[in-house]
Amino acid sequence: MSLSDSHLRAFRTLLEAHSQLLDALNVRFRDRELSLPYYDVLVHLSEAPAHRLRMQELARRVLLSKSGLTRLIDRMERRGLVRRAASEDDARGVNAVLTPAGLQALEAAVPAHKEDLVELVGSVMTAEEADVLTDLLGRVRDWATRPE
């Protein structure tokens, strides 16, 4: 299969939309208790079994380098939002664990974030269009992350 002009435009538009959405969300989070990266980490931990993830897995999910995540977790740990714990499966592994204070901070931030998403995403597409976009982007993601 060859790459069409439509494919190239779709790829560029995806990257531009991602960048612009992150910029817009960062502006909205600027005056809140949590930054967007904090919020992202807390969401992933809240959805994980026992509210814990290995640091390596968390770094992959939040798209940070291991060192970038380590610095972020350091700051979050000082605020009491997360804690580190030894992995139960691997003595060398370290987990990030959501604390009750972290869960409370996340729950307090959710309403404003949902309002942001209504404005930034919900106002430009229907639920049906969002389902189509989710399917398309999911296929791209799955192809890009397939085992070699």
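We now turn to the structure provided with this report. In this text, all values refer to a predicted model and were calculated from it rather than measured experimentally.

Quick look at the sheet that holds strand E3 (residues 94-98)
Strand order in the open sheet made by the 3 strands is E1-E3-E2, with antiparallel pairing throughout. What marks the edges here is a single partner per strand, and that holds for strand E1 (52-54) and strand E2 (82-86). Taking each pair of neighbouring strands and ignoring which way they run, the sheet shows an average axis angle of 30°. With 3 bridges joining them, E1 and E3 adopt antiparallel strand pairing.

Some remarks on the side chain of threonine 99
Along the chain, threonine 99 falls in the loop between E3 and helix H5 (100-122). Threonine 99 has contacts with Gly80, Leu81, Val82 and Arg83, leaving out every residue within four places of it along the chain.

Thoughts on the environment of glutamate 148
By the element assignment, glutamate 148 lies in the segment after helix H6 (127-144). Taking the relative accessible area as the measure of exposure, glutamate 148 reaches 88% and is therefore exposed. Along the backbone, glutamate 148 and valine 118 are 30 residues apart, and their C-alpha atoms lie at a distance of 38 Å.

Describing the pattern of salt bridges
A complete count under the given rule lists 9 salt bridges for this structure. For arginine 84, the salt bridge is made with aspartate 74, and the minimal N-O distance between the two is 2.8 Å. With arginine 84 in strand E2 and aspartate 74 in helix H4 (residues 66-78), this residue pair connects regions lying 10 residues apart in the sequence. Residue classification places arginine 84 among the partly exposed positions, given a relative accessible area of 27%.

Remarks on the layout of surface pockets
The computed volume of the largest pocket comes to approximately 2300 Å³. In terms of lining, the largest pocket is formed by 46 residues, of which the most central are Leu14, His18, Leu21, Leu63 and Leu137. Mapped onto the lining of the largest pocket, the elements with two or more residues apiece are helix H1 (5-29), helix H2 (36-47), helix H3 (55-62), H5 and H6. Broken down by element, the lining of the largest pocket gets its largest block of residues, 13 residues, from H1. Residue composition of the lining of the largest pocket, grouped by class: 30 nonpolar, 10 polar and 6 charged.

Section: the packing of H1 against H5
Closest axis-to-axis distance for the H1/H5 pair is 11 Å, and the angle between their directions is 145°. Seen from above, H1 lies across H5 with right-handed handedness. Contacts from Leu21, Ala24, Leu25, Arg28 and Phe29 of H1 reach H5 at His113, Asp116, Glu119 and Leu120. Here the contact of H1 with H5 is built from residues that sort into 5 nonpolar, 1 polar and 3 charged.

Thoughts on a nonpolar patch on the surface
There is a patch of nonpolar side chains on the surface, built from Phe11, Leu14, Leu15, Leu133 and Leu137 and spanning about 420 Å² of accessible area. At the level of secondary structure, the elements contributing two or more residues to the nonpolar patch comprise H1 and H6. Among the elements that take part in the nonpolar patch, H1 stands out by supplying 3 residues, more than any other. Inspection of the secondary structure assignment puts leucine 133 in helix H6. When its relative accessible area of 36% is taken as the criterion, leucine 133 is described as partly exposed.

Cut-offs used in this document
- Positions within a chain are numbered from 1, following the residues in the order the chain's sequence is written.
- Restriction of local features to residues with pLDDT of at least 70 applies here, the model being predicted, together with a cutoff of 80 or more for giving and counting side-chain atom pairs; totals for whole chains, interfaces and linings are based on all residues.
- Side-chain measures here rest on the full set of heavy atoms in the structure, leaving out hydrogens and waters.
- Here the rule is simple: two strands pair whenever DSSP picks up at least two bridges between them.
- Starting at the N terminus, helices and strands are each numbered in turn, a helix being any DSSP run of H or I of at least four residues and a strand any DSSP run of E of at least two.
- Convention adopted: a line fitted to C-alpha atoms gives each axis, helices being fitted over their contacting stretch, and angles between N-to-C directions are expressed from 0 to 180 degrees.
- We call two residues contacting when some pair of their heavy atoms lies within 4.5 Å.
- For every residue, the accessible area obtained with a 1.4 Å probe (protein chains only) is divided by the maximum for its type, and the residue is called buried under 20%, exposed over 50%, and partly exposed between those limits.
- Any carboxyl oxygen of Asp or Glu within 4 Å of a side-chain nitrogen of Lys or Arg constitutes a salt bridge here.
- With a 1 Å grid spanning the protein atoms alone, the term cavity applies to any set of points in which a 1.4 Å probe fits but cannot get out, the term pocket to an open set with protein on both sides within 12 Å along at least five of seven lines, and the term lining residue to any residue with an atom within 4 Å of a point.
- Grid points are joined across faces, edges and corners, and a volume is the space filled by probe spheres set on the points.
- Throughout this entry, Asp, Glu, Lys and Arg are counted as charged residues, while Ala, Val, Leu, Ile, Met, Phe, Trp, Tyr, Cys and Pro are counted as nonpolar. The remaining residues, Gly among them, count as polar.
- With the far helix as reference, a near helix turned anticlockwise by less than a right angle produces a left-handed crossing, and one turned clockwise produces a right-handed crossing.
- Each patch is built from salt-bridge-free residues with over 30% relative accessible area, joining like charges within 9 Å and nonpolar side chains (Val, Leu, Ile, Met, Phe, Trp, Tyr) within 5 Å.
- All accessibility values rest on the Shrake-Rupley procedure with a 1.4 Å probe; residue burial counts only the protein chains present in the view.

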